Amino acid sequence: MSEGESCPDGNGKVSRVIRIGTRQSQLARIQTDSVAATLKELYSDVHLEIVGMTTTGDKILDTALSKIGEKSLFTKELENALEKNEVDLVVHSLKDLPTTLPPGFTIGAVLKRENPHDAVVLHPKHKGKTLETLPENSVIGTSSLRRAAQLKKRFPHLDFKDIRGNLNTRLKKLDEKDDFAAIILAAAGLRRMGWENRISQILMPEDCMYAVGQGALAVEVRTRDEDILEMVSVLHDTDTVLRCIAERAFLRRLEGGCSVPVAVHTEVKDSQLYLTGAVYSLDGSDSLKETMQTSITATAKSLEGEDKRVQRVGVTARKISGEAQDRAEQLGDDLADLLLSKGAKEILTVARQLNDAR
């Protein structure tokens, strides 16, 4: 918090000003507004200001994300503002955040996950169809190598082409032109925008597993700001935190990112955390997929006091059992090691080289 940031309210009392950084897109603003509203309910004496910014990823709209080769496309400008004390916290889609954050930053909250699956949005003329029933050689728009790799294998009769832009732009491109029969988008974004009626089909894990962190919002803060960390920590959702720590650990160990097709599926059931992870060649013809599980029941000893370890894959969650977090992280590492022992590195290296050559 920059020194002396405060403002008098109507009663002459001084309330603290907290500035929240966000991308300028409509979806980013909706997501940030929802976090701000929750904080306002919990801390009525805090005055919240929202600061919108444009990121590199928002500016480069004519290139596939996987080709830009920049890990923090949608986060760098926001983190610069955080570093310069221009904002006090930043709201991101967790899937945009690299598994290793720059020094001095941490994810202070991971909110309850929205539906993490991908959704099919059809061109109006194909209403009532599914990917299965679309005509031969129908063109499907997606800028994600992960989606394209899985769906090419599953639906070989379809063609896949890049489509860039924010949600509004992509839907406009779908509806107003005849270039695409359908586009694939995250269900979470469509739901947050209030566009659920556009979802023709939700893709289940057997058709398309999701991206690491998909559907979850993250609040990034400065590591040294103990008071802000404490303030946002109440937003943490335990199951989402443990699932996302496992997913992020898996991706980090594989050294994956936007330029390789890596997909996950997680579930918490009966105190067990299940993680399914997969890697794919660009056309989906070569793949490795495995599932592992771990217990996330904390022993009485680990529930005493706050977790002292600073962060795991960028996440600080002191009020959640450190033992459960360690197990989640270990699960991600172990699953990645299993895939690496079966040849995942080779699949991903070839995928990266082919993508760079495209």
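Residues numbered from 1 in each chain as written. Predicted model: local features only at pLDDT ≥ 70, side-chain atom pairs only at ≥ 80, totals over all residues. Heavy atoms only, no water.

A. Looking closely at the pattern of salt bridges. Considering all chains together, one arrives at 23 salt bridges under this definition. The residue Arg318 makes a salt bridge to Glu226 at a minimum N-O spacing of 2.8 Å. Taken together, the residues span a long stretch of sequence, with Arg318 in the loop between strand E14 (287-295) and helix H10 (322-341) and Glu226 in helix H8 (residues 226-232) at a distance of 92 residues. Residue classification places Arg318 among the partly exposed residues on the basis of a relative accessible area of 25%. (Salt bridge = Lys/Arg side-chain N within 4 Å of Asp/Glu carboxyl O. Helix = DSSP H or I, 4+ residues; strand = E, 2+ residues; numbered from the N terminus. Buried < 20%, exposed > 50% of the residue type's maximum accessible area, 1.4 Å probe, protein only.)

B. Representation of the nonpolar core in the model. Membership of the largest hydrophobic core comes to 39 residues, with the highest contact counts inside it found for Leu94, Ile107, Phe250, Leu254, Val262 and Val279. For this core, the elements supplying multiple residues, two or more each, are strand E5 (105-110), helix H9 (238-254), strand E12 (262-269), strand E13 (272-280), H10 and helix H11 (344-357). Dropping the residues within four chain positions of it, Val279 is found in contact with Leu254, Pro261, Val262, Asp286, Ser287, Leu288, Leu339, Ala344, Ile347 and Leu348. (Core = buried A, V, L, I, M, F, W, Y, C linked by side-chain atoms within 4.5 Å. Contact = heavy atoms within 4.5 Å.)

C. Representation of unusual backbone geometry. Of note, the phi angle at Asn137 is positive, near 65°, even though the residue is not glycine. Tracing the backbone through its elements, the reader meets Asn137 in the loop between strand E6 (118-122) and strand E7 (139-141). Residue Val313 is not a glycine yet carries a positive backbone phi of 40°. Accessibility expressed as a relative area gives 4% for Val313, which makes it buried.

D. Layout of the pairing of strand E4 (residues 89-93). With five of five residues buried, E4 lies mostly within the body of the structure. Residue alternation in E4 divides its side chains into two sets, Leu89, Val91 and Ser93 and Val90 and His92, and both sets are buried. Examined bridge by bridge, E4 and strand E11 (residues 217-222) share five bridges and lie antiparallel to one another. Within E11, the position partnered with Ser93 by the bridge is Leu217. (Pairing = 2+ DSSP bridges.)

E. Main features of the sheet that holds E12. On the basis of which strands lie adjacent, the open sheet formed by three strands has the order E12-E13-E14 and antiparallel pairing. The open sheet has two edge strands, E12 and E14, and neither has a second partner. Going from strand to strand, the sheet's axes swing by 15° on average, the running direction of each strand aside. Here E12 pairs with E13 via eight bridges, running antiparallel. Paired with Val264 across the bridge in E13 is Gly277. Along the sheet face, H10 touches E13 and E14 and points at about 150° away from the line of E14. (Axes fitted to C-alpha atoms, helices over the stretch in contact; angles between N-to-C directions.)

Geometric descriptors of this kind do not, in isolation, establish any biological role.
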